[in-house]
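# Coordinate inspection notes
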Amino acid sequence: MFVGIALVCEEQPACTIGVLTVEQPSSSVRVRFAPSPTGQVHIGNIRTAIFNWLFARGHGGKFLVRVEDTDRERSTPEAIRVLFEVMEWLGLDFDEDPVYQSACVSRHKQVAEDLIARGLAYKSDKGASGMGEAILFRMPKEDVRFTDLIKGEIAKPGDSLQDFVIVRSDGTPVFHLANVVDDIDMGITHVIRGDDHVENTFRHIRLYQALGAPLPQFGHLPMIVNHQGKPYSKRDGAAFVGEFRDTGYLPDALFNFLSLLGWNPGDDREYMPREELVAAFDLARVQSSPAQMDLKKLSWMNGCYMADLPIALFREEAIRRLQAEGLVDAATDAAYVEAVLELIRSRVKVWPELIELAVYFFREDYPFDAKAVRKRLLKPGVSELLDRLREGYAGLSEWSESALDEALRSALGADQENAGTLIHPVRVAVSGQAGGPGLFEMLQVLGRDRVLTRLERGSRIAAGTLTVGE
RNA sequence: GACCCCGUCGUCUAGCCAGGUCCAGGACACCGGGUUUUCAUCCCGGCAACACGGGUUCGAAUCCCGUCGGGGUCGCCA
């Protein structure tokens, strides 16, 4: 028996001819992300986009976008804008002009008419509400089987397959027809989509065959589900990409986290920069069972990216946020802001925390944590201790960490052992909080004027002559 | 109901295809300890799973069958 040998060239390197470098198409892979714009982009949808993107980039193929905007009600210009906005935010760049499905409607109808002409589809008004006839595809009654890139062999008995509508009685094409025709027209080689489409695939395969088009490879991604195993929805928490962005998550962190939902590199790596993900991504390692979102882990990962954020980027975004909050403006001393950011940088896990961590550096009416006040300030003797410390600090010749440290210990007098009895009240007095940066570096940055004022106020709070809200 | 898919720590998962090196490894979370004046970080330690039942085999998380459980789909959503 003779066996044909196919030479499959997955990656063709660029050929160098003299000084001329010729870019060769290194791969024929063409995948697409085909969302229907609804004004929000669901986390599961964007995860599908990410996997497609990773697959395309890893194979030197093309990542395309097709906007399935045939639902005129929901597909507003605004919804489409949001779609591209979140894609850009996540760095999901695409290779060719987006295709708008609404522009292909006449083509879809033409294809349906051709199918009727060839006896592969027919008109029927069964079940219609008197609006006219729909066009149904005549589903062959033989078994359908295909090898899913992720789930392996999948088959469905022919007798469980039924004819289905491809053009509604109002003349508009149905998803199945539009989707398949557009994929053919766009030359899609790998259809990578959600698990909720496996049933559709049996029908789509028949459509491809009826249209005489080569079958693409199919891969079905496991769903992202909630605690009950049901598809993750907005009722389960943040479900839209925009929410994560607005909450202050870093795009790279969300990207990394979502990549790991249903896929893993096969080793212990989890924190993986984009290039590493591209290099490691492999559809064969995608799970076939659904995955649950773990927001705690997302937060952890965000913290990793936050810690590795280049200092310049951190500064830029932090200042933008402080300004938006009215804590900083053009008149604020830049060196002071810089010093503050230096202190709190390692403590910011998610952007919104920045404000809470920084507020007392920039205004006197910062909030006081009631529990901390009760525990640290409202104790006998604290008021006097703070007064004594204030006197010491007022006369300090050098406002440095070491000098502040020394002065605090001498204010303690004989009670050197329990520096905490003064350190904690001071912290609450100057920051209103129970935790934060190291005390002395914090005092040093705050500066003498602020510290003295706040110690005085703290003393009054401790003495009960001043009450603070919150 | 029929059909399709899925089932390893609380969660994401490694291991399964090519059975032994797995009394099941990593991460997040949680608990305890250390570092820190505090919080966070960091370091160390701990808890915790092969859905169940048969079978094949000297040996099964890994192969086969069944059961149970979950999800999806079932002519005008995408």
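Since we're looking at a predicted model, the values are computed, not measured. (Residues numbered from 1 in each chain as written. Chains lettered and ligands numbered in written order. Predicted model: local features only at pLDDT ≥ 70, side-chain atom pairs only at ≥ 80, totals over all residues. Heavy atoms only, no water.)

This part takes up the overall build of chain A. When you go through chain A residue by residue, the secondary structure sums to 18 helices and 14 strands. Taken against the 2.2 N^0.38 rule, which gives 23 Å for 470 residues, the C-alpha radius of gyration of chain A at 32 Å runs more than 25% over that of a compact globule. Here the C-alpha coordinates of chain A stretch approximately 100 × 70 × 40 Å along the principal axes. Within chain A, the proportion of its 470 residues that are buried is 46%. Sequence separation of 24 or more characterises 71% of the internal contacts of chain A that already satisfy a separation of 6 or more. Accessible surface, chain A as shown: approximately 23,600 Å² in total, 51% of it carbon and sulfur. Mean positive and mean negative side-chain charge positions of chain A (53 and 68 charges, respectively) differ by 4 Å. (Helix = DSSP H or I, 4+ residues; strand = E, 2+ residues; numbered from the N terminus. Rg over C-alpha atoms; globule rule 2.2 N^0.38 Å. Buried < 20%, exposed > 50% of the residue type's maximum accessible area, 1.4 Å probe, protein only. Contact = heavy atoms within 4.5 Å. Areas by Shrake-Rupley, 256 points an atom, 1.4 Å probe, with all protein chains shown as cover. Lys, Arg positive; Asp, Glu negative; His and termini not counted. Charge placed at Lys NZ, Arg CZ, Asp CG, Glu CD.)

Time to look at the protein's contact with RNA strand B. Around RNA strand B, a shell composed of 57 residues is seen, among which V165, R168, E270, R347 and I423 lie nearest. Counting only atoms of RNA strand B within 4 Å of the protein, the sugar-phosphate share comes to 68%. Residue E199 places a side-chain N or O atom 2.9 Å away from a base nitrogen belonging to RNA strand B. A distance of 3.2 Å separates a base nitrogen of RNA strand B from a polar side-chain atom of N200. Those elements that provide at least two residues to the surface near RNA strand B are β7 (134-137), β9 (152-156), α4 (175-185), α5 (198-210), β14 (291-292), α9 (295-307), α16 (420-431) and α17 (439-446). Considered class by class, the residues forming the surface near RNA strand B number 20 nonpolar, 19 polar and 18 charged. (Near = heavy atom within 4 Å. Polar contact = N/O pair within 3.5 Å; in protein donor to acceptor, adjacent residues only side chain to side chain. Nonpolar A, V, L, I, M, F, W, Y, C, P; charged D, E, K, R; others polar.)

Axis separation between helix α1 (residues 43-58) and helix α7 (residues 251-259) bottoms out at 10 Å; the angle between their running directions is 85 degrees. Here α7 runs roughly perpendicular to α1, going by the angle between their axes. On α7, the residues touching I43, I46, R47, I50, F51, W53 and L54 of α1 are L254, F255, L258 and S259. Residues belonging to the contact of α1 with α7 are distributed by class as follows: nine nonpolar, one polar and one charged. (Axes fitted to C-alpha atoms, helices over the stretch in contact; angles between N-to-C directions. Parallel < 35°, antiparallel > 145°, perpendicular 65-115°, else oblique.)

Further remarks concern a positive patch on the surface. A cluster of basic side chains, namely K371, R374, K375 and K379, defines a positive patch on the protein surface. One can find K379 in the loop between α13 (370-377) and α14 (382-394). (Patch = residues over 30% accessible without salt bridge, like charges linked within 9 Å, V, L, I, M, F, W, Y side chains within 5 Å. Salt bridge = Lys/Arg side-chain N within 4 Å of Asp/Glu carboxyl O.)

A few words on α14. Owing to its 3.6 residues per turn, the α-helix aligns residues three or four sequence positions apart on the same side. Spanning 13 residues, α14 covers 18 Å between terminal C-alpha atoms, matching the ideal 18 Å at 1.5 Å per step. For α14, every residue scored as buried is listed here: V382, S383, L385, L386, L389 and Y393. Along the axis of α14, the buried residues cluster in a sector spanning 160 degrees; they form a single face. Tucked into the core, α14 has its buried residues touching α13, α15 (401-411), α16, α17 and α18 (448-463). (Expected span 1.5 Å × (residues − 1). Arc of directions from axis to C-beta.)

Shape is all these values report; function is a separate question.
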